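Report on the structure
These are the residues of each chain, in order.
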Amino acid sequence: MNIVSLENVSKNYGFKPLFENVTLGLEDRDKIGIIGANGSGKSTLLRIIAGVEVPDTGRVVTAKGQTLAFLSQNPPYDENLTVLETIFASSSGVMQTIRDYEAVCHDVAAGAHDDATMERMSDLQHELEMNGGWDIEANARAVLTKLEITDTAAKMGTLSGGQRKRVALAHELIFKPDILILDEPTNHLDADTIEWLENYLARYTGALLLVTHDRYFLDRVTDRIFEVDRGTVQSFAGNYAYYLEKKAEQDTLREVEGHKREQLIKKELAWLRRGAKARTRKSKHRIEAAHTLMAVPKEQAKGEVDIAIGSKRLGSKVVEINDISKSYGENRLIDHFTYLLKRDDRIGIIGANGSGKTTLLDMLTRRIEPDSGEIEIGQTVHIGYYDQESRELNDDQRVIDYIRDVAEYVTTNEGIQITAGKMLERFLFAPAAQYAVIGNLSGGERRRLYLLRILMGSPNVLLLDEPTNDLDIPTLIALEQYLDEFAGALIVVSHDRYFLDRTVENIFKFEPGGHVREYAGDYSAYLEALERQESERKAEASAPVRTGNDSDRGPKTTFTTPTEKEKPKKLTFNEKREFETLEKRIAQTESRLPEIEREMVTAASDAGRVHELFTEQQQLDTQLETDMERWAQLAERSEY
């Protein structure tokens, strides 16, 4: 059943057209993810569908009787209302009953046991039973618990932006509308909460429409993708992985078609220049066809962020963290933490909100000082700190001046010196946009500009605090590619599981009491380590316990827990040679595959050659998968 329809919808902002003549529909069980570059109009499209914003042309039709809820990036709020009043704000009688019941429960928990309060609780319980509100109440309690909303009596005006976003998200989830629209719902959530939300929305029975940069989230929750790109909205009937496959096929086909068209135009031009010997009907038709072919506008290349900035040389001493501690009142965030940061470190920091992750980065940059211990910074260290608040942005400053404050010129990783203006163009800021004031930029454009300013300083130690918030997926991919080649130390605080898997090699988990536990590997390896620990705990708990005189019980049986198992054997000489050979072969295969794609485009008119290249590509893909699996097995043992 089609519950929302867009008919020829267009929207422009001044000189900047976002999309034109968009026609699409939303079914009652659709789970749709919207992706696109910052500034392409993703959030605007959500607001138009939600009825918050009006399109310039066209119309949005919503089926009668459908309830709709919209979570914006910065939800509006009444600072005088309590958290409880905000969460259960609704004209629904059931929601009002639940709100009253939760308020009474809060009073009872605070010590109110008088007859009037207890009678009120009993009446509300009976009312919930009569109107079927217990299921909603149970869902509400689960949502509040998972979103870590505990102080429901607090005023909204006293909360941080992240806390207010959680309250707004709780309201929409508890409300359970027919159409749920979410703009960046994973911002301000830790990884565990994101995983819970992912599972919750995967089971959601209504229609879901969301914008998010979290690629794992997109892949596991959505079954359709809307891509907003260069004024159009294209639909893909599948999750994010399906979208990537189909998009790659489209791009390859467009390259082949574009190459064929260019070759045909060259032939037609040559024919026209020679001139037709006779003005026959056939010649006139060909002339008209040639003019028509050449009049077709060439497809505009899609803008991509190009992060190709070099870094300064880094000496042997980087950062030495010596027995530091930090507390705020009774809340101990970091307790006697010591670590020697190395030049090639790739560290991901995870933990609950407020556990001290940002505090550590602030201490590394001298924004705050530890209560005890010391941090020593090497003389050659140049720290680039991308903080989640973008504290160095000045809304009144022009874009170009903001970048020139750092450097007029920058040297790329290829040794080429380019101007600040050209670097801005590589970050998708057109010359006209460079003279706009920062306050007029979208949230994503501000974060992209802030990232450029940090990188313009050519840092060799990079601290990234929640870099995935408000950055679009194309920019994240470009950043990940830059970090692959980054010649320095990297510390990332992030809740984005995909980004951590792509960029880090060690995980630091901030635990209660200020303890920091280290796990080898990326985020997926950290999850596997947790599973092993849980399995070991269960095995130890279920192991038989012997009592009395063992000699009276026959032969003694030795129970070995998983922690007592021998470590994997070291690699043999032949396995070491195999490991080295695999690394070389994998590198050769990875460099050959892009060459094949380029050759397929060049040889598009030669069907036989294209078939040969396609066969080679399939064989190399299979070989690469096998080699990578074997390499991973040997790499795990090479650590011992």
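Model, not experiment: these values are computed from the prediction. (Residues numbered from 1 in each chain as written. Predicted model: local features only at pLDDT ≥ 70, side-chain atom pairs only at ≥ 80, totals over all residues. Heavy atoms only, no water.)

Examining the overall build of the protein chain
Assigned secondary structure in the protein chain consists of 19 helices and 20 strands. Across the 640 residues in the protein chain, those meeting the buried criterion constitute 44%. Counting contacts in the protein chain only where the partners sit at least 6 residues apart, residues at least 24 apart contribute 68% of the total. As displayed, the protein chain has an accessible area near 34,000 Å², and 48% of this comes from carbon and sulfur atoms. (Helix = DSSP H or I, 4+ residues; strand = E, 2+ residues; numbered from the N terminus. Buried < 20%, exposed > 50% of the residue type's maximum accessible area, 1.4 Å probe, protein only. Contact = heavy atoms within 4.5 Å. Areas by Shrake-Rupley, 256 points an atom, 1.4 Å probe, with all protein chains shown as cover.)

Comments concerning the nonpolar core
Nonpolar side chains tend to gather and get buried jointly when the protein is soluble and globular. In this structure, Ile87, Leu173 and Leu201 are the most contacted members of the largest nonpolar core, which totals 50 residues. By residue number, the principal contributor to this core is helix H3 (residues 93–109), which donates seven residues. Beyond its immediate stretch of four places on either side in the chain, Leu173 contacts Asn139, Val143, Leu180, Trp196, Leu197, Tyr200 and Leu201. With 47 residues, the next largest nonpolar core counts Leu393, Ala420, Leu476 and Tyr482 among its residues. (Core = buried A, V, L, I, M, F, W, Y, C linked by side-chain atoms within 4.5 Å.)

Structural notes on the pattern of salt bridges
Side chains that differ in sign of charge can pair as their charged atoms come close. This structure, assessed with the given rule, holds 34 salt bridges. Ionic pairing is found between Asp214 and Arg497, a salt bridge with its closest N-O pair at 3.5 Å. Taken as a pair, Asp214 in the loop between strand S7 (207–211) and helix H8 (215–221) and Arg497 in helix H16 (residues 497–503) lie far apart in primary sequence, 283 residues in all. Classification of Asp214 by relative accessible area gives buried; the value is 0%. The class for Arg497 is buried, based on a relative accessible area of 4%. In this structure, Arg404 engages Glu408 in a salt bridge whose closest nitrogen and oxygen atoms are separated by 3.8 Å. Of the residues examined, Arg404 reaches a relative accessible area of 35% and is grouped as partly exposed. (Salt bridge = Lys/Arg side-chain N within 4 Å of Asp/Glu carboxyl O.)

A short note on helix H7 (residues 191–202)
Between its first and last C-alpha atoms H7 spans 16 Å; for 12 residues at 1.5 Å apiece the expected length is 16 Å, and the two agree. Along H7, the residues classified as buried are Ala191, Thr193, Ile194, Trp196, Leu197, Glu198, Tyr200 and Leu201. If you check the start of H7, you find a side-chain oxygen 3.3 Å away from the backbone N of Asp192, and it comes from Asp190. (Expected span 1.5 Å × (residues − 1). Polar contact = N/O pair within 3.5 Å; in protein donor to acceptor, adjacent residues only side chain to side chain.)

Observations concerning the packing of aromatic side chains
Taken as a whole and assessed by the stated rule, the structure comprises 10 aromatic pairs. Here Tyr216 and Tyr498 contribute two aromatic rings whose centre-to-centre distance is 5.2 Å and whose plane-to-plane angle is 70°, an arrangement assigned as edge-to-face. In this pair, Tyr216 is assigned in helix H8 and Tyr498 in helix H16, connecting sequence segments 282 residues apart. Using a relative accessible area of 26% as the deciding quantity, one classes Tyr498 as partly exposed. With centroids separated by 6.1 Å and ring planes inclined at 80°, the aromatic side chains of Phe337 and Phe508 adopt a geometry described as edge-to-face. One end of the pair, Phe337, is in strand S11 (residues 331–341); the other, Phe508, is in strand S19 (residues 506–510), with 171 residues separating them in the sequence. (Phe/Tyr/Trp six-rings, centres within 6.5 Å; stacked < 30°, edge-to-face > 60°.)

Re helix H6 (residues 161–175)
With 15 residues, H6 extends 21 Å between its outermost C-alpha atoms, agreeing within 8% with the 21 Å of an ideal straight helix rising 1.5 Å per residue. With 11 of 15 residues buried, H6 is to be regarded as a mostly interior element. For H6, every residue scored as buried is listed here: Gly162, Lys165, Arg166, Val167, Ala168, Leu169, Ala170, His171, Glu172, Leu173 and Ile174.

Some points on the packing of H6 against H7
At a minimum axis separation of 13 Å, H6 and H7 run at an interaxial angle of 20°. Here H7 runs roughly parallel to H6, going by the angle between their axes. Remark: the crossing between H6 and H7 carries left-handed chirality. When H6 is examined against H7, the residues Arg166, Leu169 and Leu173 are found in contact with a partner set consisting of Thr193, Trp196, Leu197, Tyr200 and Leu201. When the residues that make up the contact of H6 with H7 are grouped by side-chain class, the tally is six nonpolar, one polar and one charged. (Axes fitted to C-alpha atoms, helices over the stretch in contact; angles between N-to-C directions. Parallel < 35°, antiparallel > 145°, perpendicular 65-115°, else oblique. Left-handed = near helix turned anticlockwise from the far one by under 90°. Nonpolar A, V, L, I, M, F, W, Y, C, P; charged D, E, K, R; others polar.)

Description of the sheet that holds strand S6 (residues 179–183)
With mixed pairing, six strands are arranged side by side in an open sheet as S5-S6-S7-S3-S8-S9. Of all strands in the sheet, those bounded by a partner on one side alone are strand S5 (68–71) and strand S9 (232–236). When strand polarity is set aside, the average angle formed by the axes of neighbouring strands in this sheet is 15°. Sheet analysis places strand S3 (residues 31–36) next to S7, joined by four bridges and oriented parallel. Bridging across to S7, Ile34 finds its partner in Val211. Against the sheet, H6 contacts S5 and S6, and its axis sits at roughly 165° relative to S5. (Pairing = 2+ DSSP bridges.)

Description of unusual backbone geometry
With glycine set apart, most residues show a phi of negative sign, and most peptide bonds adopt trans. One non-glycine residue with positive phi stands out, namely Asn8, at about 50°. Topologically, Asn8 is positioned in strand S1 (residues 2–13).

Points about the confidence of the model for the protein chain
Predicted confidence across the protein chain gives a mean pLDDT of 83, with 88% of residues reaching 70 or more. This model gives residues 278–282 a pLDDT under 50, and the stretch forms three contacts once residues within four places in sequence are excluded. In this model residues 551–566 is a low-confidence stretch, pLDDT under 50, and it forms 13 contacts with partners more than four residues away in sequence or in other chains. (pLDDT = per-residue confidence, 0-100.)

Quick look at the side chain of Thr152
Along the chain, the position of Thr152 falls in the loop between helix H5 (134–146) and H6. Under the relative-accessibility criterion, Thr152 is labelled buried at 12%. Sequence-distant contacts of Thr152, defined by excluding residues within four places in its chain, comprise Thr82, Val83, Leu84 and His106.

Let's talk about the sheet that holds strand S10 (residues 319–328)
What the three strands build is an open sheet, ordered S11-S10-S13; its pairing is antiparallel. Looking at strand neighbours, the two that pair on one side only are S11 and strand S13 (372–377), the edges of this open sheet. Neighbour-to-neighbour, the strand axes of the sheet open up by a mean angle of 20°, direction not taken into account. Here seven bridges tie S10 to S11, and the two strands are oriented antiparallel to one another. Residue pairing for S11: Tyr328 is matched across the bridge by Asn331. Along the sheet, helix H11 (residues 357–364) makes contact with S10, S11 and S13, crossing S10 at roughly 130°.

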